[in-house]
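As a plain string of letters, each chain reads:
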Amino acid sequence: MCGILGVISRDAISDSEITKMLDAMNHRGPDGRGIQNFGRIGKNFLTLGHVRLAILDLSERGHQPMEYNSRYSITFNGEIYNYKEIRSELKKKGYFFETETDTEVILASFQEYGTNCLSLFNGMFSFSIFDKESNKIFIARDRFGVKPLYYFLDQENFCFASEIKSILASKKIRSSVQPNIKECRNYLARGPRVWRKETLFQGIYRFPKASFFYGKLDELNENFKTEKYYEILLKDNKRNTEENFFDNYFKLLESSVKLRLRADVNIGTALSGGLDSSSIAYLVNKELFQKGEIKKQKTFSSVYGDNSLKHYDESKFIDIVTDQLDVDSKKTEVTLESFISDYEKVIWAHDVPPEGIPMSGWLTYKLVKENDVTISLDGQGADEQLAGYETYLINYLSNMPFYDLYNNLRNASKFAYSKKIIFLTLFFFIINKLRLTLVLKKILVFFFGSSFNPNFNLKEILNFTFDKTLMNLLFHSDKLSMAWSVETRLPFMDYRLVEFLSSLPEDMKINNGWTKYVGRMAMDDVLDERIVWRKNKLGWPVPEDEWMKSVSNPFLDSEKYKSKFMKKVLRRNLIYFVNRNRTKFKVRRMNLMIWYKLFFQSNFANHPFIKK
């Protein structure tokens with residue numbers, strides 16, 4: 001895991017300017033850095049930069065930008081988990097390797113297969129390869145957008161980087177970038193939508209997931225277009241038995257975890273006490289046992305010691321898992337004091353305002369760093385595939401035939417969310433039958449900024465949330481972990497498992513009121529039943545209601561919200577106006593103001609959060 005940078009400009013950029021841009025994302029790669037200038041190529045000058053978080057082959061041989069066969073140069077962020085298998089096949093074709101890195105495997109794969117190499121990679125990545133012979137550049141991002149990649153584009157410059165702040169560290173670019181008022185309004189009304197091309201910075205965009213650019217440098221300024229290389233492949237699983245579904249799920253998740261344990265540094269697990277993170281912790285333990293490892297697995301959790309916040313605390317479930325698996329459990333307490341002292345750094349780490357107050361993740365990864373662990377295995381992506389959120393029940397139940405509805409509602413009544421689910425299910429069931437969903441959707445969007453569509457069946461809403469809203473969680477995961485120089489690996493985002501889960505029938509995801517049915521059944525014999533059949537779900541909760549009412553919160557100064565910037569953002573923002581007193585919207589307003597202060601009212605050239 002690292003940070004990458006590329007500058008293609010009509011004017012040469014000095015190494016000192018590139019150094020400042022790398023300084024801005026030094027946290028992504030504190031173990032080394034490199035700069036490679038290629039001079040003028042056609043109409044443009046090209047420079048590649050890199051900051052390294054050493055994961056594989058910790059020697060200098062893994063230094064980047066890395067050259068291959070005196071022809072190709074790469075700057076790469078991420079991991080190719082199946083690099084050993086790919087390297088073995090390339091060796092059969094006559095390729096030789098000088099390092100033990102996955103970086104070199106990417107280069108050899110590109111030489112052998114061209115842009116088709118992307119279909120081979122099981123991993124998370126953003127990278128750029130420059131071919132000195134053809135003077136073409138290859139820029140690509142992974143299937144699901146786990147690793148970030150941003151770019152700035154105008155008539156004279158094309159700059160890409162792993163973080164926006166790295167692009168802004170260029171004085172020339174920063175002087176032309178202003179807040180994108182339209183996207184700021186959208187953020188207040190609808191929250192972050194990181195699946196969109198546009199960011200909250202004018203002229204800075206997100207490189208699309210599952211896409212690549214391959215062409216001459218001059219085309220970046222004159223005709224920049226990306227090409228999509230991946231769509232989820234659906235398999236026919238109709239003939240499988242339930243037992244086969246459970247067994248295949250377990251084997252695929254086990255294989256995914258095993259691949260993600262490949263590293264030359266210490267690995268741990270972020271543990272919430274929920275089914276997903278507990279499943280990962282179990283499979284990590286299983287693999288360590290099979291390898292004969294003596295050291296215990298380390299798990300990292302956030303908890304609440306304050307009695308007034310006990311309803312946010314998951315210690316009971318965390319302790320059940322850690323006692324069963326006999327791991328080295330590390331815990332950190334989430335407090336108002338930690339929020340006050342660190343929150344500006346949290347917003348700075350994100351580049352753009354996040355949803356909510358993500359202090360649980362921030363403190364968990366801080367704990368990971370403090371315990372000399374570089375990689376954390378996390379459970380993001382499971383809920384959006386296994387229908388883990390209770391709102392999915394509404395889509396599932398309200399779209400079924402009437403004769404099936406009664407029994408399913410009766411089963412749902414056994415759960416803590418029964419009254420809410422029953423009411424909303426009946427309401428949307430009637431709305432669907434009366435064909436009023438289009439009108440209702442417009443009302444929901446206006447009043448709540450909601451992307452929820454009651455007309456979606458379960459498969460449709462899962463496809464939507466996996467493709468769109470999951471991107472917000474992946475964004476959080478990358479920004480929060482890399483701020484502490486920690487790499488997160490996500491077993492549920494293995495494309496083999498994704499394709500398998502997307503093809504399952506609906507009753508393998510929701511069954512008799514139980515969400516994540518296939519995941520529960522697959523782990524039923526190996527994890528404590530109190531974890532497998534746990535009914536409530538929290539997942540890194542934060543006491544936002546309490547903190548947004550606290551007199552100790554220094555970020556609620558009302559004078560900040562009277563600035564010219566906020567007046568522009570709030571003007572004609574009807575969704576925000578209707579919801580302005582709800583906690584969610586108060587938090588967004590606070591986040592936006594802190595973001596504006598850090599990125600537009602501070603001395604960026606000497607920013608206190610930039611570590612050189």
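In short, a report on the structure.

Reading guide: rules and limits
Residues numbered from 1 in each chain as written. Predicted model: local features only at pLDDT ≥ 70, side-chain atom pairs only at ≥ 80, totals over all residues. Heavy atoms only, no water. Patch = residues over 30% accessible without salt bridge, like charges linked within 9 Å, V, L, I, M, F, W, Y side chains within 5 Å. Areas by Shrake-Rupley, 256 points an atom, 1.4 Å probe, with all protein chains shown as cover. Salt bridge = Lys/Arg side-chain N within 4 Å of Asp/Glu carboxyl O. Lys, Arg positive; Asp, Glu negative; His and termini not counted. Charge placed at Lys NZ, Arg CZ, Asp CG, Glu CD. Helix = DSSP H or I, 4+ residues; strand = E, 2+ residues; numbered from the N terminus. Buried < 20%, exposed > 50% of the residue type's maximum accessible area, 1.4 Å probe, protein only. Pairing = 2+ DSSP bridges. Axes fitted to C-alpha atoms, helices over the stretch in contact; angles between N-to-C directions. Phe/Tyr/Trp six-rings, centres within 6.5 Å; stacked < 30°, edge-to-face > 60°. Lys NZ or Arg CZ within 6 Å of the ring centre and 35° of its normal. Core = buried A, V, L, I, M, F, W, Y, C linked by side-chain atoms within 4.5 Å. Contact = heavy atoms within 4.5 Å. Polar contact = N/O pair within 3.5 Å; in protein donor to acceptor, adjacent residues only side chain to side chain.

1. Examining a positive patch on the surface
On the surface, K564, K567, K568, R571 and R572 cluster together to form a positively charged patch. By secondary structure assignment, the location of K564 is in helix α24 (residues 564-570). K564 gets classed as exposed once you look at its relative accessible area, which sits at 73%.

2. A few points about the sheet that holds strand β1 (residues 2-9)
Reading across the sheet, the 6 strands line up as β2-β3-β1-β9-β8-β10 and stay open at both edges, with antiparallel pairing between neighbours. In the strand order of this sheet, the two ends are held by β2 (32-41) and β10 (204-206), each with one partner. Neighbour to neighbour, the strand axes of the sheet diverge by 15 degrees on average, direction disregarded. Of the strand pairs in this sheet, β1 and strand β9 (residues 157-161) are connected by 5 bridges, and their pairing is antiparallel. Paired with L5 across the strands is A161, a residue of β9.

3. Thoughts on the packing of aromatic side chains
In the structure shown here, the tally under the stated rule is 41 aromatic pairs. A centroid spacing of 4.9 Å and a plane angle of 75 degrees characterise the contact between W514 and W533, whose relative ring orientation is edge-to-face. On the criterion of sequence distance, the pair formed by W514 in strand β19 (residues 514-515) and W533 in the loop between α22 (529-532) and α23 (544-547) is long-range, its members being 19 residues apart. The exposure class of W533 is partly exposed, given its relative accessible area of 22%. Each residue in the set Y72, F76, F110, F121, F125, F127, F138, F212 and Y214 is aromatic and connected to the rest through ring pairs, giving one cluster. Over the ring of Y495 we find R143, and its NZ or CZ is 3.9 Å from the ring centre.

4. Structural notes on the nonpolar core
F127, Y249, Y343, I357, M359, L592 and W595 are the most contacted members of the largest nonpolar core, which totals 157 residues. It is helix α26 (residues 583-600) that contributes the most residues to this core, 10 residues altogether. Sequence-distant contacts of F127, defined by excluding residues within four places in its chain, comprise I4, I74, T75, F76, I106, L118, F121, F138, I139 and A140. Membership of the second largest hydrophobic core comes to 19 residues, among which are I394, A412, I421 and F429.

5. So, the sheet that holds strand β4 (residues 66-68)
Pairing is antiparallel across the open sheet formed by 6 strands, whose spatial order is β4-β5-β6-β7-β11-β12. A single partner strand is all that each edge strand has here, and the edge strands are β4 and β12 (227-228). Here strand β11 (residues 211-216) pairs with β12 via 2 bridges, running antiparallel. Among the inter-strand pairings, F212 is bridged to a residue of β12, identified as E227. Strands in contact with helix α3 (residues 102-113) are β4, β5 (72-80), β6 (123-131), β7 (136-141) and β11; relative to β5, the strand with the most contacts, it is inclined by about 120 degrees.

6. Some remarks on the side chain of S360
Mapped onto the elements of the fold, S360 is located in helix α12 (residues 359-370). Looking at S360, the relative accessible area reads 1%, which means it is buried. In this structure the side chain of S360 is engaged in a polar contact, spanning 2.9 Å, whose partner is the backbone oxygen of P541. The contacts of S360, once residues within four sequence positions are left out, are S302, Y304, V334, W540, P541 and V542.

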